[in-house]
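Here is how the chains run, residue by residue.
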Amino acid sequence: MNSNWLKKNTFHHSEFKDINRLVEEKERKKIKISLCLPTLNEEKTIAKEIIIMKSELMSRYQLLDEIVVIDSGSTDRTMEIASSYGADVYKADDILPKLEKFKGKGENLWKALYITTGDIIVYLDADIKNIHHRFVYALVGPLLLFDNIKYCKGFYDRPIARGKKKLRPTGGGRVTELVIRPLFSLFFPELTQIMQPLSGEYAGYRELFEKIPFPIGYGIETSIILDTYEKWGLDVIAQVDLERRVHRNQDTKSLGKMSFVILKTFCKRLEKLGMAELKSGFFNEMIQYKLGKDGYQPDIYKDKGFERPPIIEIPEYREKFKAI
Amino acid sequence: MEKHLDKLPSFVEAIKSMKETIIANIVFIGQIPAPTFKEKRRADFFMKRLAEFQVDECTTDGYRNPIGIIRGTSPSKPPVFVVAHLDTIFEKDIDHNYTVKKRTIKGAGVLDNSLSIGILASLPEIFRKLNLRFESDIVVAGVIQSLGRGNLRGIRHLLKTWDTPIRGAICLEGVELGRLNYYSEGMIRCEVECDISPTLGPLQKFKSNAILILNEVINQILELRLPQRPRSRVIIGKISGGSKHGTIACKAKLGFEIQSDSDKMVKSIYNDINDFVFDINHQNEIELKLKTISNLSAASLKYNHPLVKSAGAVIESLGLKPICEPSESELSIFLSHNIPAVTLGITRGENIYLENSTMEIEPMYKGIAQIIGVIMAIDKGVCDE
Ligand SMILES: Nc1nc2c(ncn2[C@@H]2O[C@H](COP(=O)(O)OP(=O)(O)OP(=O)(O)O)[C@@H](O)[C@H]2O)c(=O)[nH]1
Ligand SMILES: [Mg+2]
């Protein structure tokens, strides 16, 4: 196992705080950088993310070339607020409208590849309460400064915003520690060196993202890691300590659904790599129970596990980006 | 003077086009907790920010008030001060994450006074954008240890140790847009503390009750005959005490302020209260103490002082009506040093002293234009007599 990676490819955000140097490097390489924020009802946090990135990384330094919000059908004022602060706002359904429509974060990230024009794309969850521009410049830093790095993943300690506004530090996320880490340990021990495989904060070169499939929902973070690892190896991946990210707390049931989807994404890849063989296919329903008036009732969550193909295979994309 | 008033409405739009920069500064600063006496992190950030915006000189004075100096074109003119207090009433463990929406910013301390500090930090960039140069140096200062027990220590120190003349000063408060303060009342802020040593057993029932003792103090305060002229009052603002419903209270505390246009009257009311507190103390076998926490002397510009007049004109040129009331704060320290000064408010909002205090974004642009208008007036010489 290559256990050197942790040492060599793990960075701290403070190593990239010289933003001028990053801008110089970006100009020398003649590349553009796009920020994509996927949203579903994030009216409380979206404005601050846009304002801070625009003020710090577009006005003060020219590190970012565009901020794009891709929305999954928010019913609150997310879209209105985002455009009032000058982000380019799209409904996921309106992008590549001829394709069948799906709903989920992965879908938005995939469609962002078509909408954005940058050579580097930075993805940030839109629910970060303590947003700071380091979330962008530190993810971009390794991509700009080290030629071998093509994909960079954020990690942090995870205090959780609790009811009465007190912050309590936690370990890695529960799904990370209870699902992903055991799976990685069993099948890809090298990948355990990635501290927070599920973090929603990462950046990478377009040339990488366009060549891998995107599960439309919760599987996206896991699949990007597995597919990148399989295609290009561990050395193109870096991780950056972003220090602190204030999260909302999720109940165990939603984490269960998330785990269901992740397990499925994972197992599919095991099969494809010939590392395991399933005698029969998967069921598509996650079944949880709730106590109702008439006793226990199943509460069913469906996930067909649909994945978008590498976007480079889509003719409209090839047309737009003149890919061969 | 008329000429610079004409420009103000067009400034409002230009300032608005910088909203991301201004809001980012408010958010970055407001999210760093700065309870009185523990302002260091916020002060450091404020200074770093000024430096990043290429302010000519960024330092702290001997008392660690962070200041930035934007050099003017005429070294012979004394500087213009723009100040806001840096501290807030919120402790460090309160959630300081701000929420920005289309029209509002919500978060602990935003109105008092993080908004003002965020604007101080944005002023250099705003001047650049509007292409403004001044004859005087502009000194922007976030003063520490202002609130409550801080008792305006930061500003007192800054002015005590600043050894050259100051041309005029503007103090900033988050709310209320349109306020124009140019006088402060005399004030003594006091606490009466009653402490009765706990006794055990059957005697407990017969001992004095700290709350009832304070009740007696309150009654006597209410019986004081206060004159209409000079206007004077005692405000009873805080009370706490006791421990359980069924137990006689051993400790209780009362906080109040004596306010008057006349310092002499403040002093004489204070002496009256001191006398009867002394009496009550001796009639009962208890410990009753009157403590002064802070005080201010009354000071004022004349209502027809050119600074007051031109600040009023600036406010009116933006379609607002100036509201004049007395104000304690930094203003009184400038005035007591004979430096012409006014306090201005920046926007509207609600829940000023609560964790969820909320400011309106839109009126702020006028609020900022108004500050620039008054700086221009001082720079043109309205304070030079
Ligand atoms: N769940 C979900 N999130 C979406 C969707 N479309 C966009 N998003 C955005 O994807 C980001 C991550 O979603 P979250 O629900 O916070 O998922 P998470 O980060 O794994 O979970 P948390 O621990 O709650 O933060 C957020 O910015 C969402 O607004 C969608 O269809 N479903
Ligand atoms: Mg999230």
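Residues numbered from 1 in each chain as written. Chains lettered and ligands numbered in written order. Predicted model: local features only at pLDDT ≥ 70, side-chain atom pairs only at ≥ 80, totals over all residues. Heavy atoms only, no water.

A. Fine view of the pattern of salt bridges. Residue and element names in this part refer to chain A. Considering all chains together, one arrives at 45 salt bridges over all chains under this definition. Here Lys 8 makes a salt bridge to Asp 235, at a shortest N to O gap of 3.9 Å. Of this pair, Lys 8 sits in helix H1 (residues 5–8) while Asp 235 sits in the loop between helix H9 (220–232) and strand S11 (237–244), placing them 227 residues apart in sequence. Two residues, Glu 207 and Lys 150, come together in a salt bridge whose shortest N-O distance is 3.6 Å. (Salt bridge = Lys/Arg side-chain N within 4 Å of Asp/Glu carboxyl O. Helix = DSSP H or I, 4+ residues; strand = E, 2+ residues; numbered from the N terminus.)

B. Highlighting the domain arrangement of chain B. Residue and element names in this part refer to chain B. Here chain B is partitioned into domain 1 (2–184 + 298–379) and domain 2 (186–296). The gap between the C-alpha centroids of domain 1 and domain 2 is 36 Å. Each partner contributes to the interface: domain 1 provides 12 residues, whereas domain 2 provides 14 residues. Between domain 1 and domain 2 the total buried area reaches about 880 Å² when both faces are included, carbon and sulfur atoms providing 44% of it. Considering only the surface of domain 1 that becomes buried against domain 2, Arg 149, Ala 298 and Glu 328 emerge as the three largest contributors, covering 57% of it. Seen at the junction of domain 1 and domain 2, the total is one salt bridge. Where Glu 191 meets Arg 149, a salt bridge forms, and the shortest distance between an N and an O atom there is 3.3 Å. Seen at the junction of domain 1 and domain 2, the total is three residue pairs in polar contact (both at pLDDT 80 or more). Secondary structure elements with two or more residues in the side of domain 1 that touches domain 2: strand S9 (183–184) and helix H9 (329–336). Among the elements that line the side of domain 1 that touches domain 2, the one with the most residues is H9, at three residues. (Domains from an automatic or database assignment. Contact = heavy atoms within 4.5 Å. Buried area = accessible area lost by both parts, 1.4 Å probe. Polar contact = N/O pair within 3.5 Å; in protein donor to acceptor, adjacent residues only side chain to side chain.)

C. Region of the structure containing the sheet that holds strand S6 (residues 138–143) of chain B. Residues and elements named next belong to chain B. Strands sit in the order S1-S2-S6-S3-S7-S15-S8 across an open sheet of seven strands; the sheet is mixed. On the outer flanks of this sheet lie strand S1 (57–60) and strand S8 (180–181), each paired with one strand and no other. Summarising the sheet, S1 and strand S2 (residues 66–70) pair through four bridges and their orientation is antiparallel. What sits directly across from Thr 60, in S2, is Pro 66. Against the sheet, helix H10 (residues 362–379) makes contact with strand S3 (80–85), S6, strand S7 (168–175) and strand S15 (341–347), and its axis sits at roughly 160° relative to S15, the strand it touches most. (Pairing = 2+ DSSP bridges. Axes fitted to C-alpha atoms, helices over the stretch in contact; angles between N-to-C directions.)

D. Representation of the sheet that holds strand S4 (residues 99–100) of chain B. All names here are of chain B. The strand order across the open sheet formed by four strands is S4-S5-S17-S16, and the pairing between neighbours is antiparallel. If you trace the sheet from one side to the other, it starts and ends with S4 and strand S16 (349–350), each paired once. Sheet analysis places S16 next to strand S17 (residues 358–360), joined by two bridges and oriented antiparallel. Paired with Glu 350 across the two strands is Thr 358, which belongs to S17.

E. A look at empty space enclosed by the protein. Residues and elements named next belong to chain A. Applying the stated criterion to the full structure yields one cavity of 30 Å³ or more. Every residue along the wall of the largest cavity is listed here: Pro 215, Ile 216, Gly 217, Gly 219, Val 261, Lys 264, Thr 265, Lys 268, Asp 303, Gly 305, Phe 306 and Glu 307. If one sorts the elements of the lining of the largest cavity by residue count, helix H10 (residues 252–272) sits on top with four residues. Broken down by class, the residue content of the lining of the largest cavity amounts to four nonpolar, four polar and four charged. (1 Å grid on protein atoms, 1.4 Å probe; cavity = no way out; pocket = protein on both sides within 12 Å on 5 of 7 lines; lining within 4 Å. Points joined across faces, edges and corners; volume = space filled by probe spheres on them. Nonpolar A, V, L, I, M, F, W, Y, C, P; charged D, E, K, R; others polar.)

F. Spotlight on the site of ligand 1. Residues and elements named next belong to chain A. As a matter of local geometry, ligand 1 sits amid 16 residues, with Leu 40, Glu 42, Ser 72, Ala 126 and Arg 248 nearest to it. A distance of 2.8 Å separates an oxygen atom of ligand 1 from a polar atom in the backbone of Leu 40. Side-chain polar atom of Asp 125 to an oxygen atom of ligand 1: 3.0 Å apart, as the coordinates give it. Here ligand 1 loses 86% of its free accessible area of 600 Å² to cover by the protein chains. Elements with a minimum of two residues in the shell around ligand 1: strand S2 (33–39), helix H5 (105–115) and strand S12 (247–248). Considered class by class, the residues forming the shell around ligand 1 number five nonpolar, six polar and five charged. (Near = heavy atom within 4 Å. Areas by Shrake-Rupley, 256 points an atom, 1.4 Å probe, with all protein chains shown as cover.)

G. Expanded view of the layout of surface pockets. Residues and elements named next belong to chain B. If you add up the space inside the largest pocket, you get close to 1400 Å³. Around the largest pocket, the lining comprises 47 residues; the ones closest to its centre are Leu 147, Arg 189, Glu 257, Glu 328 and Tyr 353. Within the residue set of the lining of the largest pocket, elements represented by two or more residues are helix H4 (110–130), S7, strand S10 (186–195), strand S11 (232–241), strand S12 (251–260), strand S13 (287–296) and H9. Looking at the lining of the largest pocket residue by residue, the class counts come to 18 nonpolar, 14 polar and 15 charged. Looking at the lining of the largest pocket, you find at least three residues from each of domain 1 (2–184 + 298–379) and domain 2 (186–296).

H. View of the confidence of the model for chain B. Looking at chain B as a whole, its pLDDT mean stands at 93, while 97% of the residues score no less than 70. Reported for the predicted complex are a pTM of 0.87 and an ipTM of 0.87. (pLDDT = per-residue confidence, 0-100.)

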